[in-house]
Amino acid sequence: MSDVLNIFIVEDDLIFVELLTKLLEGAGHRVTSETDSEKALAAIEAARPDCLLVDLMMPGKDGLTLCKEVREQALLADTRLIVVSAKSYEFDRKRALKSGADGFIQKPISAETFVAELERIVTDRIETTFWGVRGTLPVPGPQTLRYGGN
């Protein structure tokens, strides 16, 4: 991705914030963070980031509440919101998306793939691979009944 993103991290684990900051700045993005979820909304509004990374489990205000509050702010309507959490159940992923998240990245993260995964969510693109496809035109007929021709 060639665009520089302004990324805001809300995470209570300072070591994890330092790791994410190093990865993201190494990829050319600008990073701001807040470790206190109670102060985060005001800081997010002031920063007006392109992308917001939020942990679900934080003391004080939890990540789901913060997601809902961010989505209520008209100034932050274009901000891509990504939950980064150790919660691994599909139920938690669905709750995050229902609360306004655009994506969910599960901890522990992979340092090799994290930035690419975040950029894929921000640009809202899907990568697909087609296996066993050849030719340009469908050719149905008796000779292709066993293996198909469409």
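So, here is what we can say about the structure in this document. (Residues numbered from 1 in each chain as written. Predicted model: local features only at pLDDT ≥ 70, side-chain atom pairs only at ≥ 80, totals over all residues. Heavy atoms only, no water.)

The next subject is the side chain of Glu11. Structurally, the position occupied by Glu11 is in the loop between β1 (6-10) and α1 (14-26). In this structure the side chain of Glu11 is engaged in a polar contact, spanning 3.1 Å, whose partner is the backbone nitrogen of Asp13. (Helix = DSSP H or I, 4+ residues; strand = E, 2+ residues; numbered from the N terminus. Polar contact = N/O pair within 3.5 Å; in protein donor to acceptor, adjacent residues only side chain to side chain.)

Let us now look at the pattern of salt bridges. As enumerated under the stated definition, the model contains eight salt bridges in all. With a closest N to O distance of 2.7 Å, Lys61 and Glu69 form a salt bridge. By relative accessible area, Lys61 is classed as buried at 15%. Here Arg93 and Glu90 are joined by a salt bridge, their closest N and O atoms 3.8 Å apart. With a gap of three residues between them, Arg93 and Glu90 both fall in helix α4 (residues 90-98), about one helical turn apart. Take Arg93: its relative accessible area is 25%, and that puts it in the partly exposed class. (Salt bridge = Lys/Arg side-chain N within 4 Å of Asp/Glu carboxyl O. Buried < 20%, exposed > 50% of the residue type's maximum accessible area, 1.4 Å probe, protein only.)

Grouped together as the largest cluster of nonpolar side chains are 20 residues, with contacts concentrated most on Leu24, Leu53, Ile82, Phe114 and Leu118. Of all the elements in the fold, those that place two or more residues in this core are β1, α1, β3 (51-54), β4 (80-85) and α5 (114-123). The contact partners of Leu24, leaving out residues within four places of it in the chain, are Ile7, Ile9, His29, Val31, Leu53, Phe114, Val115 and Leu118. (Core = buried A, V, L, I, M, F, W, Y, C linked by side-chain atoms within 4.5 Å. Contact = heavy atoms within 4.5 Å.)

Along a regular strand, successive side chains alternate from one face of the sheet to the other. In this sheet, strand β2 (residues 30-34) lies alongside β1 in parallel orientation, the contact comprising five bridges. The partner of Val10 across the bridge, within β2, is Glu34. Between the parallel elements β1 and β2, the chain passes through α1 in a crossover that is right-handed. (Pairing = 2+ DSSP bridges. Right-handed = clockwise from strand over helix to strand, strands pointing away.)

Attention now goes to the environment of Leu24. Mapped onto the fold, Leu24 is located in helix α1. Distance in space between the C-alpha atoms of Leu24 and Asn6 is 9.9 Å, their sequence separation being 18 residues.

With respect to the element layout, Arg95 can be found in helix α4. With a relative accessible area of 35%, Arg95 lands in the partly exposed category. Remark: the alpha-carbon pair of Arg95 and Leu64, spanning 31 residues in sequence, is separated by 7.8 Å.

Let's shift gears to unusual backbone geometry. Cis peptide bonds are those with omega within 30 degrees of zero, and the linkage from Lys107 to Pro108 qualifies with 0 degrees. Note that Pro108 resides in the loop between β5 (103-106) and α5. Even without glycine at this site, Arg48 takes up a positive phi of about 45 degrees. Mapped onto the fold, Arg48 is located in the loop between α2 (37-47) and β3. The class of Arg48 is partly exposed, set by a relative accessible area of 48%.

A few words now on the packing of α2 against helix α3 (residues 63-71). At a minimum axis separation of 11 Å, α2 and α3 run at an interaxial angle of 30 degrees. By the angle between their directions, the pair α2 and α3 is classed as roughly parallel. Pair α2 / α3 crosses with right-handed handedness. Counting all contacts with α2, which are made through Ala40, Leu41 and Ile44, the residues of α3 involved are Leu66, Glu69 and Val70. Tallied by class, residues from the contact of α2 with α3 come to five nonpolar, no polar and one charged. (Axes fitted to C-alpha atoms, helices over the stretch in contact; angles between N-to-C directions. Parallel < 35°, antiparallel > 145°, perpendicular 65-115°, else oblique. Left-handed = near helix turned anticlockwise from the far one by under 90°. Nonpolar A, V, L, I, M, F, W, Y, C, P; charged D, E, K, R; others polar.)

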